[in-house]
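Chain by chain, the residues run as shown.
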Amino acid sequence: MSFRHQYLPHTDAQRAEMLAKVGVPSEEFLFRDIPEKFRNPKMTLPPALTEMDLVQELRTLASKNVVPGEYASFLGAGASRHFVPSVVGALISRGEFLTPYTPYQPEVSQGTLQATYEFQSLVCLLTGMEVANAGMYEGASSLAESALMACRLANRYTVLMLDTVNPHYREVVRTYTEPQGIRLEVVSADHLSLHEDYACLLVQSPNFFGSLEDLAKLRQETAAKGMLLVVASDLVPLAMLKPPGEFGADIVVGECQPAGINSSFGGPYVGYFTCKEQFIRQMPGRIVGKTVDTQGRTAYVLTLQTREQHIRRERATSNICTSEALIATSMTIYLATMGKQGFRQVAEQCYHKAHYAASKLAAVPGFSLVPSGTGVFFNEFVVRCPLPPAELNRQLLRNRILGGLDVSDQVPNGMLVCVTEVNSKAEIDTFVKAASSAGAHR
Amino acid sequence: MTSQRIDERDNRLLMDRSAPGRIGAKLPPLDVPAQPLPPQSVLRADLPLPELSELDVVRYFTRLSQENFAVDLNFYPLGSCTMKYNPKVNEVTAAMPGFSAIHPMQPAETVQGALELLYQLQGILTEVTGTAGVSLATIAGAHGELAGVLMIRAYHMARNDTKRKVVLIPDSAHGTNPASAAMAGFQVVTIPSDKNGNLDVEVLRKAANNELAGAMITMPSTLGLFDPNIVEICDIIHKAGGLVYGDGANMNALLGRVKLGQVGFDVVHLNLHKTFSTPHGGGGPGAGPVCVSERLLPHLPTPVVEYRLGGKPEYILGRPPKTIGKMAAFHGNFGVLVRAYTFARALGSDGLKQVSGDAVLSANYIQASLRDLYDLSYDRRCMHEVVFSARRQKAQGVKALDVAKRLLDFGIHAPTMYFPLIVEEALMVEPTESESKETLDRFIQVMRQIAQESKDTPQVLREAPHHSPVSRVDETRAARQPDLRWKPKR
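Residues numbered from 1 in each chain as written. Chains lettered and ligands numbered in written order. Predicted model: local features only at pLDDT ≥ 70, side-chain atom pairs only at ≥ 80, totals over all residues.

Caption draft 1: Focus on the overall build of chain A. Broken down by element type, chain A carries 12 helices and 15 strands. Here the C-alpha coordinates of chain A stretch approximately 80 × 55 × 50 Å along the principal axes. By the burial criterion, 60% of the 442 residues in chain A qualify as buried. Of the contacts formed within chain A by residues at least 6 apart in sequence, a portion of 73% connects residues at least 24 apart. (Helix = DSSP H or I, 4+ residues; strand = E, 2+ residues; numbered from the N terminus. Buried ≥ 20, exposed ≤ 12 C-beta atoms within 10 Å, placed from the backbone. Contact = placed C-beta atoms within 7 Å.)

Written out as structure tokens, the structure is:
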């Protein structure tokens, strides 16, 4: 008798019927193109579990983790914890959103297509940009693809990047650009010397350390050298801050995770990718457009596909294929629900709570704020601690607090603290108190 | 009075459904003293977002979802995409707060459960592929491909073998293969298939010279065929100093039947959103881990989970010594990896072997049941998918496209069409192990009826689908007059 399982509907009687129709004596016979020497290797996996045991096994693993929410968390640096209304999970767990393929058959995919058109629209409205694609893997690879696109547009093959860009993003940009023979120079905004060989300047604002960069000045300086300005930004700050599009950025990219997406140990997330309309034929990734069907009804469809790998193969603008459609829909539902007032409220609370936390921490003897960029920050900031941040974090953990990120490799004794609307005043005060007592016992 | 026709579908976009002052969510009041605001010059004047009630949002997106086809609704015979059932328990485990709420930058000692799961999954995937190691950091198939060719590049560079610029790719390959090779800075040379659908070994032999970096091979090929010369092919590439890359998109045919690492593949990426049952979500999220042989281990994308003994034993995120670097900001699509682990643990070794057995049997059953009405370009048994050619129907004035669109009227998704490119009017059908014989029989019955219709009433096919939310769409207009976002009315 064959292995029986709820995922495998064939009965042995049906298998026998099917084998007869095919005209082979056994299933084994169907694998005869595999060289005999390598056929049916021994495969030893952990034993199969029934659903009851499986859930218990996974619950045991999950229980070995410290969970933000049960612990106060002040971790950011590219991902952060925010309130997500129940609507988001309820809608995206519908099988009709969860289990379709990429919408290559528009007649039976209007749901995904229209939701993606909404995603593109909302991303444009938030960033102040003209066009957006259907989404990228996540923020860092979006920035890397923007560097490749800028080189193609400018026909120049040196990329300049500020040293205040998230170091993980910097590394991904290097992974993507180096094999194509693109030179990557990382510089400080204080020692910026631009010239006509550079394709673009990559900046992040708010930057890795939480501070805003002077986009107006950088736009002016890059334009003078015919360089493209690429800005990476998370979405939440854009609910309050003047968007990069209004500063004249050419390409704006970033991470959507803070807007309605679980932190989930780093993924799945979704990156957004926008540019000026004139550059659209060099854009990577999928794009949904509005059109009509044969009866003149509004319909949505994947468009401008001649940029893409399945048509253009080695001359495509990118190899990207399966991306993060469902997660893009999460963000779309989140923004639709939070809306104009709710999303602004999220941004404002992040701002006020972070500034409250920063002022309280800065008042603790031995702690001081470390400014970066223009010195104006949004909801993340670096505080210099009187003890190694890793040690402080161990003490905070005993108080059920996940402290900020240890950035002492970049700022001596620096901790990058992120505060959002989910951090209550009580949590912030406990954090400050615990930090104060750890500092005092030095 | 003029009367305006009311559209059956209230198709207004979010921004057009807005009413000023309406809200869909609110936060508790700010519990800290308000802080001084930044200068006006950096603040935005207006935030143009929708203003909807919670029910507005629920109805709108529920209605949208109902215009989608999905695996949960019916049969999805989409070749090379492995649209198998996505078990519900996978969603339950991935949503456990101990997984879904943890932050990627938490100290290792606070995420030991997550790291242990990843470590176990690494073991499962290397065992399935017969490889020495894996990185789970790549988050889609094409992302894994790019990492794979970047490792091949790094391997040659580390040996100061700088002249290797060429990657060989069969003409049946998926478009991401040449696109990934080009992104890694390689020149692509296409190798034709022979008359049996196998790689043309003689052409390969001539092309394999000292400029060869490697070859990208999909096994089984996109024709649904296992190349019986694969050992010789790997041998030719290795003798020329190249490495063999395996596109694991079709791994569903091979589970427990052959380990590509043993055959001679140096790197294999897996699509966990195909073979390991994680849902496609309308185009992602996926996960594309890369499994490698011994000699590519040092180049794996970072991080790789390691188990460290001595002192307090613990799992850590390790950095391979000569890594190609980071491919994304964090450690991969963890939520997808939890689902894949759940699937592998639900089935175990015997279960996964039965998966490939049933997937291949079902594809052959469809082939045997339709071969009298639809042509086969290569007359041999297939693996997990069967590629028909609608050239006989084309002679009756009906294209592969029309056959595919007509299937939609019967509640069955269209097969993959016009791919692989080397098959005229290709219709590529992959049933997966999930579909019962009853479902396959209905598909066969429908395909037979469509073959008859193509003779009797070809117009019905050319205008299909007839029962979908929209009919065929004007793709030319979409491309020529791009309308890619909502804009305020003037």
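Now that the structure has been shown, we can carry on.
Caption draft 2: Layout of the interface of chain A and chain B. Chain A puts 165 residues into the contact, and the matching count from chain B is 167 residues. Broken down by element, the side of chain A that touches chain B gets its largest block of residues, 21 residues, from helix α10 (residues 325–362) of chain A. Grouping the constituent residues of the side of chain A that touches chain B by class yields 79 nonpolar, 57 polar and 29 charged. (Nonpolar A, V, L, I, M, F, W, Y, C, P; charged D, E, K, R; others polar.)

Caption draft 3: Broad picture of the packing of helix α1 (residues 12–22) of chain A against helix α10 (residues 334–370) of chain B. It is the contact of α1(A) with α10(B), at a shortest axis distance of 9 Å, that shows an interaxial angle of 45°. Taken together, α1(A) and α10(B) sit at an angle that is classed as oblique. For α1(A) against α10(B), the interelement crossing comes out left-handed. Across the interface between the two elements, R15(A), M18(A), L19(A), K21(A) and V22(A) of α1(A) pack against L361(B), N364(B), Y365(B), A368(B) and S369(B) of α10(B). Residue composition of the contact of α1(A) with α10(B), by class: 6 nonpolar, 2 polar and 2 charged. (Axes fitted to C-alpha atoms, helices over the stretch in contact; angles between N-to-C directions. Parallel < 35°, antiparallel > 145°, perpendicular 65-115°, else oblique. Left-handed = near helix turned anticlockwise from the far one by under 90°.)

Caption draft 4: Inspection of the sheet that holds strand β4 (residues 183–187) of chain A at higher detail. Residue and element names in this part refer to chain A. What the 7 strands build is an open sheet, ordered β2-β8-β7-β6-β5-β3-β4; its pairing is mixed. Here the strands that pair on one side only, and so sit at the sheet edges, are β2 (131–132) and β4. Of the strand pairs in this sheet, strand β3 (residues 158–162) and β4 are connected by 5 bridges, and their pairing is parallel. Directly across from V159, in β4, lies its bridge partner L184. The strands that helix α7 (residues 167–177) touches are β3, β4, β5 (198–204) and β6 (228–232); relative to β4, the one it contacts most, it runs at about 160°. (Pairing = 2+ DSSP bridges.)

Caption draft 5: Up close: the domain arrangement of chain A. All names here are of chain A. Taken domain by domain, chain A holds domain 1 (72–83 + 340–440) and domain 2 (87–332). Spacing between the C-alpha centres of domain 1 and domain 2 amounts to 28 Å. Across the boundary between the two partners, domain 1 contributes 25 residues, which contact 24 residues of domain 2. Within the residue set of the side of domain 1 that touches domain 2, elements represented by two or more residues are α10 and β12 (380–384). For the side of domain 1 that touches domain 2, the element with the most residues is α10, which contributes 7 residues. (Domains from an automatic or database assignment.)

Caption draft 6: Seen up close, helix α6 (residues 139–154) of chain A. Residue and element names in this part refer to chain A. Between the first and last C-alpha of α6 there are 22 Å, a value that for 16 residues agrees with the 22 Å anticipated at 1.5 Å per step. For α6, the buried fraction is high: 13 of the 16 residues fall into the buried class. Backbone geometry just after α6 places N155 at a positive phi near 55°. (Expected span 1.5 Å × (residues − 1).)

Caption draft 7: Examining the nonpolar core more closely. All names here are of chain A. Within the largest apolar cluster, 300 residues are counted, with the highest numbers of intra-cluster contacts made by A147, C200 and L202. If one sorts the elements of this core by residue count, α10 sits on top with 20 residues. Ignoring sequence-local partners within four residues, the contact set of L202 consists of L143, A147, V159, M161, L162, V165, V173 and V230. (Core = buried A, V, L, I, M, F, W, Y, C linked by C-beta atoms within 7 Å.)

Caption draft 8: Quick look at the pairing of strand β11 (residues 386–389) of chain B. Judged from the 2 bridges that link them, strand β10 (residues 375–376) of chain B and β11(B) form a sheet pairing that is antiparallel. Opposite D375(B), over in β11(B), you have S389(B) as the bridge partner.

Caption draft 9: Examining the environment of L302(A) more closely. All names here are of chain A. Within the secondary structure layout, L302 lies in strand β10 (residues 298–302). Residue classification places L302 among the buried residues on the basis of 22 C-beta atoms within 10 Å. For the pair formed by L302 and Y104, sequence separation is 198 residues and the distance between their alpha carbons is 7.2 Å. In this structure L302 touches P103, Y104, R286 and V288, once residues within four positions along its chain are discounted.

Caption draft 10: Molecular detail of the confidence of the model for chain B. Taken as a whole, chain B shows an average pLDDT of 96; of its residues, 98% reach a score of 70 or greater. Two numbers describe this predicted complex: its pTM, 0.98, and its ipTM, 0.98. (pLDDT = per-residue confidence, 0-100.)

Caption draft 11: A look at helix α2 (residues 51–62) of chain A. An ideal rise of 1.5 Å per residue puts 16 Å on 12 residues; α2(A) measures up with 16 Å between its terminal C-alpha atoms. Those residues of α2(A) that sit buried are L54(A), L58(A), L61(A) and A62(A). Relative to the axis of α2(A), the buried residues are bounded by an arc of 100° and lie together on one face. Set apart from the buried face of α2(A) by more than 90 degrees, the exposed residues are M52(A), Q56(A) and T60(A). Where the residues of α2(A) are buried, they touch α2 (88–94), α3 (97–100), α4 (112–129) and α10 of chain B. (Arc of directions from axis to C-beta.)

Caption draft 12: Main features of the sheet that holds strand β15 (residues 414–418) of chain A. Residue and element names in this part refer to chain A. Overall, antiparallel pairing links the 4 strands, which are arranged β11-β12-β15-β14 in an open sheet. This sheet does not close on itself; its edge strands, each paired only once, are β11 (368–370) and β14 (405–406). Examined bridge by bridge, β11 and β12 share 3 bridges and lie antiparallel to one another. Counterpart to S368 in the pairing with β12 is R384. Contacts from α10 reach β11, β12 and β15 within the one sheet, and its direction differs from that of β12 by about 5°.

Caption draft 13: The arrangement of the domain arrangement of chain B in detail. Residue and element names in this part refer to chain B. Partitioning chain B into structural domains gives domain 1 (88–346) and domain 2 (349–462). Each of domain 1 and domain 2 has a C-alpha centre, and these two points are 29 Å apart. Contacts between the two partners involve 18 residues from domain 1 and, on the opposite side, 21 residues from domain 2. Here the residues of the side of domain 1 that touches domain 2 sort into 7 nonpolar, 9 polar and 2 charged.

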